[in-house]
Amino acid sequence: MSNSDPKARPIPGKRPPAPESPAMPPSSWAKKTGFRPKFSGETNASDSGQISLPPRPKEQRDAQPDLEAGRVKATPPQPLPVPPPPAVNGADTVVAFPAENKDQTVVKRRRDSDGSSGGAKKDGSGHGANGAGTNGPPSGPRRAAGRNEEVIDVEDDGFAGGRHTHMKYELRDTPGLVPIGLYGFQHYLSMLGSLILIPLVVVPAMGGTYEDTSTVVSTVLFVSGVTTLLHTSFGSRLPLIQGPSFVYLAPALAIINSPEFQGLNGNNFKHIMKELQGAIIIASAFQTILGYSGLMSVLLRLINPVVVAPTIAAVGLSFYSYGFPRVGTCLEIGVVQILLVIMFSLYLRKISVFGHRIFLIYAVPLGLAITWAAAFLLTEAGVYSYKGCDANIPASNIISDHCRKHISRIKHCRVDTSHALKSSPWFRFPYPLQWGTPVFEWKMALVMCAVSIISSVDSVGSYHASSLLAASRPPTPGVVSRGIGLEGLCSVLAGLWGTGTGSTTITENVHTIAVTKMGSRRAVELGACALILLSLIGKVGGFIASIPEVMVAALLCFMWAMLAALGLSNLRYSEAGSSRNIIIVGLSLFFSLSVPSYFQQYGISPNTNLSVPSYLQPYIVATHGPFRSKYGGLNYFLNTVLSLNMVIAFLVAVILDNTVPGSKQERGVYVWSETEVARREPAITKDYELPFRVGRIFRWVKWVGL
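Residues numbered from 1 in each chain as written. Predicted model: local features only at pLDDT ≥ 70, side-chain atom pairs only at ≥ 80, totals over all residues. Heavy atoms only, no water.

As annotated in an unreviewed UniProt entry, the protein chain carries the name Nucleobase-ascorbate transporter 12 and comes from Populus deltoides. Annotation of the protein chain in UniProt includes, under Subcellular location (unreviewed entry), the sentence "Membrane". Quoted straight from UniProt, the Sequence similarities (unreviewed entry) entry for the protein chain says "Belongs to the nucleobase:cation symporter-2 (NCS2) (TC 2.A.40) family." (UniProt positions renumbered as here; feature names shortened; annotations may be inferred.)

Here you go:
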């Protein structure tokens, strides 16, 4: 039929069908299979909570969503004002066009809040401030804010990428001695649980007395203060506190429950502590080499948010068998403390006193103080006093059935069973090798070496998150390597002094920076000096060591839950709604719980009588694991390492994330500052350059600096 035929002409009044929007360009592997990500939801930004964009002109296609800020980057201004195009699928759009004076004020306020011109990556001309996001052209000088892009006051967490509006003090701010002192004290007090709880778990497991616990607590405070000063001066230079990490807790408990320590007679504590010191020193030397040799820069290519999130979350989830079972020894105290901390940190978090949200910042110490006071009143009132029963008598020597029935409540509910405060000296200086010469066992050292890699992965996530809050730009890969290398040296110091665990960046520090809105390096350093002075007062360590065990377990329930949540929060840098990422994270978390459970239960019959408490049974896997070759050391290493939840999570996540195809936007690849750009930019140089011109001496070492 001819085209001139009137029957073939379109009916008047009807619009022609709209042209189909061009599909997103498929990746290289998808071109071979015909895969179209526009319809699959694999890389579609709308599936992960990002803003849907209309078809863009060629010159605007390089602009990508800002993953840290959670919004679309600004596009270059058009030469002529154009009306906004229609929304795609009903989604709101953001269009660049010249602004009037009223809109310019809004744009300026948005930039002050973001700390960058749309989050575009540096091109050497000085555009942008924090460099968060993927590569893209610098934003134009003017842009009108859409209806849904008004200035927003983000809630107290401060994770939305708005740095300048929500931070009171940034990295290099020095407001004065008094404010810095107050904020430094507040910073450390809010992280009290992370600093003191690990010794309260490790030392009793080694058979140590209350006096030993007091000494280890003082040593932890001293080493934490020294290593924090070293890290803020010669490491990453970010306001991050160094201290005992929960990453080292599970392997430490596994070593403590090794079969060769089961039949020890005499002072088990010192013997096991020397074995731990040797393993920590060797593993720390390995981490130092990993950082300062430049290998960490290579490893950074494999570490992305999809890897960090399940790895750190598995650390917190792995202690479920210890947490509430210990709280259950005195429910009326443990449960009340958990409820108090939850109420302070969630329901009362917005209440401000003199401009400070004290309930949110001090949720842990406030909950501890109130519960401790209530338990003291109950003890003094005689609630936990049973006639003829003495808590100091071992349970095996108790003859009376009445006392045997109530001995657990007497030991765990009373607050006067510990004599650590009375027996502690007023002054004591922690010194290296105070427990004796370390003992080096290669099988235990290999376990700790594997854990040091997990510790480095944890620190990488903390470096990136804290730099977005406090610094001008993320550090360069060289600065990250330098920080990991110095963390290894700090762990060597922890091994020499005998803290029972390695030293690393405390993950909860990032949450503290966001909540307190204090990112000043000087405040953290001043707080570290105060921590060193407190560690010299023996009564401080004795006071902390006298915290009832049930309260320690209740605090740990909250701290481990926070650790799991902070680990999963790294997914905000990726497309969390992508089915690829959902499957990888889900598999990593499930196998991190299931595979270690197989190792921990292998060879144990239901009627087996074990000599260790039930909450420590997951850490005796070396005695009954599935690997039973003729090489005892290899069996010990494999059975122990594969029973650690974080190791399984890391292995599954790093293999899947680096082999399953996915775009950088979808994977949320961490963005680090480029070395050449960092050297030309004064702000980045001042943030991360070593003090006292030390960096000039090592300028030839390009992989551990700017």
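## Considering the overall build of the protein chain
Scanning the protein chain for helices and strands turns up 30 helices and four strands. Looking at the protein chain as a whole, 53% of its 706 residues qualify as buried. Contacts spanning at least 24 positions in sequence make up 80% of the contacts within the protein chain whose residues lie at least 6 apart. For the protein chain, the accessible surface area stands at approximately 31700 Å², while carbon and sulfur atoms represent 62% of it. (Helix = DSSP H or I, 4+ residues; strand = E, 2+ residues; numbered from the N terminus. Buried < 20%, exposed > 50% of the residue type's maximum accessible area, 1.4 Å probe, protein only. Contact = heavy atoms within 4.5 Å. Areas by Shrake-Rupley, 256 points an atom, 1.4 Å probe, with all protein chains shown as cover.)

## Description of the packing of helix H18 (residues 442-470) against helix H25 (residues 632-641)
Closest axis-to-axis distance for the H18/H25 pair is 9 Å, and the angle between their directions is 30°. In terms of their interaxial angle, H18 and H25 are classed as roughly parallel. For the pair H18 and H25, the crossing hand works out as right-handed. Side by side, H18 and H25 meet where Trp442, Lys443, Met444, Leu446, Val447 and Ala450 of the first sit next to Gly633, Leu634, Tyr636, Phe637, Thr640 and Val641 of the second. Considering only residue class, the contact of H18 with H25 consists of nine nonpolar, two polar and one charged. (Axes fitted to C-alpha atoms, helices over the stretch in contact; angles between N-to-C directions. Parallel < 35°, antiparallel > 145°, perpendicular 65-115°, else oblique. Left-handed = near helix turned anticlockwise from the far one by under 90°. Nonpolar A, V, L, I, M, F, W, Y, C, P; charged D, E, K, R; others polar.)

## Side note on a nonpolar patch on the surface
There is a patch of nonpolar side chains on the surface, built from Trp426, Phe427, Phe429, Tyr431, Leu534 and Ile537 and spanning about 680 Å² of accessible area. Residue placement: Leu534 occurs in helix H21 (residues 521-535). (Patch = residues over 30% accessible without salt bridge, like charges linked within 9 Å, V, L, I, M, F, W, Y side chains within 5 Å. Salt bridge = Lys/Arg side-chain N within 4 Å of Asp/Glu carboxyl O.)

## As for the pattern of salt bridges
Counted according to the given criterion, the structure contains seven salt bridges. Its salt-bridge partner being Asp687, residue Arg172 comes within 2.6 Å of it at the nearest N-O pair. In this pair, Arg172 sits in the loop between helix H4 (163-166) and helix H5 (177-190) while Asp687 sits in helix H29 (residues 682-688), placing the two residues 515 residues apart along the sequence. On the accessibility criterion, Arg172 (40% relative accessible area) is partly exposed. We classify Asp687 as buried; its relative accessible area is 2%. The salt bridge partner of Arg522 is Glu525, with a shortest N-O separation of 2.8 Å. Linking Arg522 with Glu525, this pair stays in helix H21, spanning three residues, or about one helical turn.

## Brief notes about the state of the cysteines
Counted according to the given criterion, the structure contains one disulfide. Between the sulfur atoms of Cys330 and its disulfide mate Cys413 the distance is 2.0 Å. The S-S bond linking Cys330 to Cys413 shows a torsion near 125°; that makes this disulfide right-handed. Of this pair, Cys330 sits in the loop between helix H12 (323-327) and helix H13 (331-347) while Cys413 sits in helix H16 (residues 401-413), and the two are 83 residues apart along the sequence. For Cys330, a relative accessible area of 1% gives the class buried. (Disulfide = S-S within 2.5 Å.)

## Observations regarding unusual backbone geometry
Positive phi, normally seen in glycine, also occurs at Arg237, with a value near 70°. Examined against the element boundaries, Arg237 turns out to sit in the loop between helix H7 (210-234) and strand S3 (242-244). Here Leu433, not a glycine, exhibits a phi torsion of approximately 55°, which is positive. Looking at the secondary structure, you find Leu433 in the loop between helix H17 (420-423) and H18.

## Here we look at the nonpolar core
Phe246, Leu249, Ile547 and Met551 are the most contacted members of the largest nonpolar core, which has 120 residues in total. For this core, the leading source of residues is H18, giving twelve residues. Ile547 has contacts with Ile196, Leu200, Leu368, Trp372 and Val552, leaving out every residue within four places of it along the chain. Ala313, Ala564, Leu571 and Leu589 belong to the second largest nonpolar core, which has eight residues in total. (Core = buried A, V, L, I, M, F, W, Y, C linked by side-chain atoms within 4.5 Å.)

## So, helix H19 (residues 477-497)
The first and last C-alpha atoms of H19 sit 30 Å apart over 21 residues, in line with the 30 Å expected at 1.5 Å per residue. Here H19 lies mainly inside the structure; 16 of its 21 residues are buried. (Expected span 1.5 Å × (residues − 1).)

## So, the side chain of Ser284
One can find Ser284 in helix H9 (residues 268-292). A polar contact of 3.5 Å, which involves the side chain of Ser284, links it to the backbone oxygen of Ser491. When sequence neighbours within four positions are dropped, the list of residues in contact with Ser284 reads Gly488, Ser491 and Val492. (Polar contact = N/O pair within 3.5 Å; in protein donor to acceptor, adjacent residues only side chain to side chain.)

## Comments concerning the confidence of the model for the protein chain
Of all residues in the protein chain, 72% have pLDDT values of 70 or greater, and the mean over the chain is 77. In the model, residues 21-56 has pLDDT below 50 throughout and makes 64 contacts with residues more than four positions away in sequence or in other chains. Predicted confidence for residues 86-165 stays below pLDDT 50, and this span has 171 contacts to residues more than four positions away or in other chains. (pLDDT = per-residue confidence, 0-100.)

## Describing the packing of aromatic side chains
Within a pair of aromatic rings, the relevant descriptors are the distance that separates the centres and the angle that separates the planes. As enumerated under the stated definition, the model contains 15 aromatic pairs in all. Arranged with centres 5.7 Å apart and planes meeting at 65°, the rings of Tyr598 and Tyr602 form a pair that is edge-to-face. By relative accessible area, which is 47% here, Tyr598 ends up partly exposed. Taken together, the ring pairs in this structure connect Phe246, Phe319, Tyr322 and Trp560 into an aromatic cluster. Lying over the aromatic face of Tyr636, Lys443 brings its terminal NZ or CZ to 4.7 Å of the ring centre. The ring of Trp426 is capped by Lys539, whose NZ or CZ atom sits 5.5 Å from the centre of that ring. (Phe/Tyr/Trp six-rings, centres within 6.5 Å; stacked < 30°, edge-to-face > 60°. Lys NZ or Arg CZ within 6 Å of the ring centre and 35° of its normal.)

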